[in-house]
Amino acid sequence: YNADKPVEASGTIEQAVYDNPHGTVQLKTAGKTWQVVLAPPSRMESRGLAKSQLVAGQKATVVGYPHRSNNDEMRAERITIGGKTTELR
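Rules and cut-offs
- Residues numbered from 1 in each chain as written.
- Predicted model: local features only at pLDDT ≥ 70, side-chain atom pairs only at ≥ 80, totals over all residues.
- Heavy atoms only, no water.
- Helix = DSSP H or I, 4+ residues; strand = E, 2+ residues; numbered from the N terminus.
- Buried < 20%, exposed > 50% of the residue type's maximum accessible area, 1.4 Å probe, protein only.
- Lys, Arg positive; Asp, Glu negative; His and termini not counted.
- Salt bridge = Lys/Arg side-chain N within 4 Å of Asp/Glu carboxyl O.
- Contact = heavy atoms within 4.5 Å.
- Core = buried A, V, L, I, M, F, W, Y, C linked by side-chain atoms within 4.5 Å.
- Pairing = 2+ DSSP bridges.

Enquirer: Tell me about the side chain of E73, and please be specific about residues and values.
Expert: By secondary structure assignment, the location of E73 is in strand β5 (residues 73-81). Buried charged residue E73 carries no salt bridge. Nearest counter-charge: R75, at 8.9 Å. Those residues in contact with E73 that lie beyond four places of it in its chain are Y1, W34, Q35, V37, Y65, P66 and H67.

Next up, the structure:
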């Protein structure tokens, strides 16, 4: 992931996986659909991001770093859902 080029993407969650080793969401934005790599479920839970918040149709904003070779993937540093921001790293 390229930590020199942070990205902020806002859109709608199309699909969410709350599983080990990392959770993921597909985030549909105006320009593309991002494959977003989140934190492990235990970290998300301990920081207040419950599985019930990561559902299809939910609006979200993600700040993270793009993958160096896959232009549709990013690693999330933080996610905001329903006005609540969760730090993932």
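Enquirer: Quick one: what's the story with the nonpolar core, residue by residue and with numbers?
Expert: As a rule of thumb, soluble globular proteins bury nonpolar side chains together. Formed by 20 residues in total, the largest nonpolar core has its most connected members in L27, V36, L38, M44, L54, I79 and L88. Put simply, the parts of the chain that give this core at least two residues each are β1 (7-17), β2 (24-28), β3 (33-37), β4 (59-66) and β5. Considering each element in turn, this core owes the most residues, four residues, to β5. Ignoring any residue separated from it by four or fewer positions in sequence, one finds V36 in contact with G23, T24, V25, L27, V62, M74 and A76.

Enquirer: Kindly report on the pattern of salt bridges, identifying the contributing residues and their values.
Expert: Applying the stated criterion to the full structure yields four salt bridges. Note that R78 is salt-bridged to E87, the shortest N-O span being 2.9 Å. Given a relative accessible area of 31%, R78 falls into the partly exposed group. Judged by its relative accessible area of 39%, E87 is partly exposed. Each of R75, E77 and R89 takes part in salt bridges that share partners, so that together they form one network.

Enquirer: Give a detailed account of the pairing of β4, specifying residues and quantitative values.
Expert: Along β4, six of the eight residues are buried, which leaves the element largely enclosed by surrounding structure. Looking at chain direction, β1 and β4 are connected through six bridges and run antiparallel. Along β4, the bridge assignment pairs G11 with A60. Hairpin connection, β4 to β5: the antiparallel pair is bridged by six residues.

Enquirer: Can you tell me about the environment of K5, naming the residues and giving the values?
Expert: Position of K5 among the secondary structure elements: in the segment before β1. The sequence separation of K5 and P21 amounts to 16 residues, and the corresponding C-alpha distance is 25 Å.

Enquirer: Quick rundown of the pairing of β1? Include the residues and the values.
Expert: Working note: regular strand, side chains alternate between the two faces of the sheet. Here five bridges tie β1 to β2, and the two strands are oriented antiparallel to one another. Within β2, the residue paired with I13 across the bridge is L27. Here β1 hands over to β2 after six residues, the two strands then running antiparallel side by side.

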